[in-house]
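Structure at a glance
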Amino acid sequence: MQALFTIDVEDYFHTVEGEHVPKLAQWDALPTRVEKNTQVLLDILDEYKVKSTCFVLGYVARRHPDLVREISRRGHEVASHGMNHKHVYEMAPEEFAQDLETSKKLLEDICGNEVLGFRSPGFSYTDSSPWFFDKLIEKGYSFDSSVFPAARFEGGIKTDQFDPHWVTTSQGRIFEFPITVAPVFGKNICFFGGGYLRLFPKWMIVSMAKKLQRAQRNVLYYIHPREIDPSHPRFKMNALNSFRSYVNLKTVEGKLRAILKLSEFINCRDYLQQIKLQEDKNASG
Ligand SMILES: [Zn+2]
């Protein structure tokens, strides 16, 4: 079995929305930590020889083009996280399509490689955007990783497809890498990324990953650069959002190392390539 490691490359101020969390117009004036934190993550991945897929926010790419080049130069895949961290469910179809086009072109111009994949901010693909996959196909994307197949505070979608799979629409087909969830007492729970990775103890995350591996399922992990930086600036939030944003930051590095030791890893681009090769092989008998 192969695991997938993904990073949503964004800064510490691209966190949950709230009264005291800075808005787009204020971002340029804020000190930034995304470059340093991403490098820390990439250094850890290097130690375990793991190549990731990095969903880079367009805003970050504009402000730190050298970081995008470095990600690519170090052998990681550059994919899109949209331009300005706006939720899909807050956009009209045309606005979303424009966002897909602008971020893809921006990243491709900087890193010189074709951008194949997309992940929506906050896993904000929901039932309210039925045109979601059509727009991705229309704008030339080959894969998506926005499906969060369980309940969450925002985003999330009901589905019975929990493993990587093709999605077919009237526009064509696109490959989906859903966020991995594991069934626990009849409920699907994510243990493998962001706030969930911070919240659950290391032994539980490792044992859930092993359980899925035994069931022949791939685990997809995701992380944000701020999560490897326990001293990043914090914003005033209500108690729930503060917990979601800042719980257990100090535990992340140890959990990350335990995860990286556990499996063989592949990035999304290479995984999709494997699927297509297998299809060609099957087609030619
Ligand atoms: Zn994000």
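Read on for a plain summary of the structure. Keep in mind it's a predicted model, so treat the numbers as computed, not measured. (Residues numbered from 1 in each chain as written. Predicted model: local features only at pLDDT ≥ 70, side-chain atom pairs only at ≥ 80, totals over all residues.)

**A closer look at the packing of helix 8 (residues 202-214) against helix 10 (residues 252-262)**
Between two packed helices, the angle of one axis relative to the other and the distance separating the axes together describe the packing. What counts here: Every angle, taken between N-to-C directions, lies between 0 and 180 degrees, and every axis is a line fitted to C-alpha atoms, over only the stretch in contact when it is a helix. Helix and strand definitions here come from DSSP, where helices need a minimum of 4 consecutive H or I residues and strands a minimum of 2 consecutive E residues; each element is numbered from the N-terminal end. Roughly parallel means an angle under 35 degrees; roughly antiparallel, over 145; roughly perpendicular, 65 to 115; everything else is oblique. The handedness criterion is simple: a crossing whose near helix is rotated anticlockwise from the far helix by less than a right angle is left-handed, and one whose near helix is rotated clockwise is right-handed. Our contact criterion uses C-beta atoms placed from the backbone: two residues qualify when those atoms are within 7 Å. Each residue receives one of three labels: charged for Asp, Glu, Lys and Arg, nonpolar for Ala, Val, Leu, Ile, Met, Phe, Trp, Tyr, Cys and Pro, and polar for the others, Gly being one of them.
Between helix 8 and helix 10, whose axes approach to 10 Å, the crossing angle comes to 20°. Accordingly, the angle class assigned to the pair helix 8 and helix 10 is roughly parallel. Helix 8 and helix 10 meet at a crossing whose hand is right-handed. Taking contact as the criterion, the partners of K202, I205, V206 and A209 in helix 8 are, on helix 10, G254, K255, A258, I259 and L262. Tallied by class, residues from the contact of helix 8 with helix 10 come to 6 nonpolar, 1 polar and 2 charged.

**Quick look at the environment of S128**
When you line up the elements, S128 lands in the loop between strand 4 (117-118) and helix 6 (132-138). C-alpha of S128 to C-alpha of L57: the two residues are 71 residues apart in sequence and 23 Å apart in space.

**Considerations on the packing of helix 4 (residues 65-73) against helix 5 (residues 93-111)**
Between helix 4 and helix 5, the least distance of the axes is 9 Å, while the angle of their chain directions is 70°. One finds that helix 4 runs roughly perpendicular with respect to helix 5. The element helix 4 and its partner helix 5 pack so that their crossing is right-handed. Between helix 4 and helix 5, the contacting residues are P65, V68, R69 and S72 on the first element and L107, I110 and C111 on the second. Here the residues of the contact of helix 4 with helix 5 sort into 5 nonpolar, 1 polar and 1 charged.

**A look at the nonpolar core**
Inclusion rule: To form a nonpolar core, buried Ala, Val, Leu, Ile, Met, Phe, Trp, Tyr and Cys residues must be joined through C-beta atoms within 7 Å. Put simply, a residue is buried when 20 or more other C-beta atoms lie within 10 Å of its own C-beta and exposed when 12 or fewer do; between those, it is partly exposed, and each C-beta is set from the backbone.
In terms of nonpolar packing, the biggest core is built from 70 residues, with L4, V56, V68, V78, L107 and Y221 touching the most fellow members. Per-element tally for this core: the top contributor is helix 5, with 6 residues. Non-local contacts of L107, meaning those with residues more than four positions away in its chain, are made with V56, A61, V68, V78, S80 and V115.

**A few points about the pairing of strand 1 (residues 2-9)**
Formally: Here a strand pair is declared whenever DSSP counts at least two bridges between the two strands.
Among the 8 residues that make up strand 1, 7 are buried, leaving the element largely enclosed by the rest of the structure. Pairing analysis gives 3 bridges linking strand 1 to strand 11 (residues 264-266), with the strands arranged parallel. Across the sheet, Q2 pairs through a bridge with E264, a residue of strand 11. Of the pairings in the sheet, the one linking strand 1 to strand 10 (residues 220-223) comprises 4 bridges and is parallel in character. Looking across to strand 10, one finds that F5 is bridged to Y221. Across 4 bridges, the pairing between strand 1 and strand 2 (residues 53-56) is parallel. Bridge pairing in strand 2 links V9 to V56.

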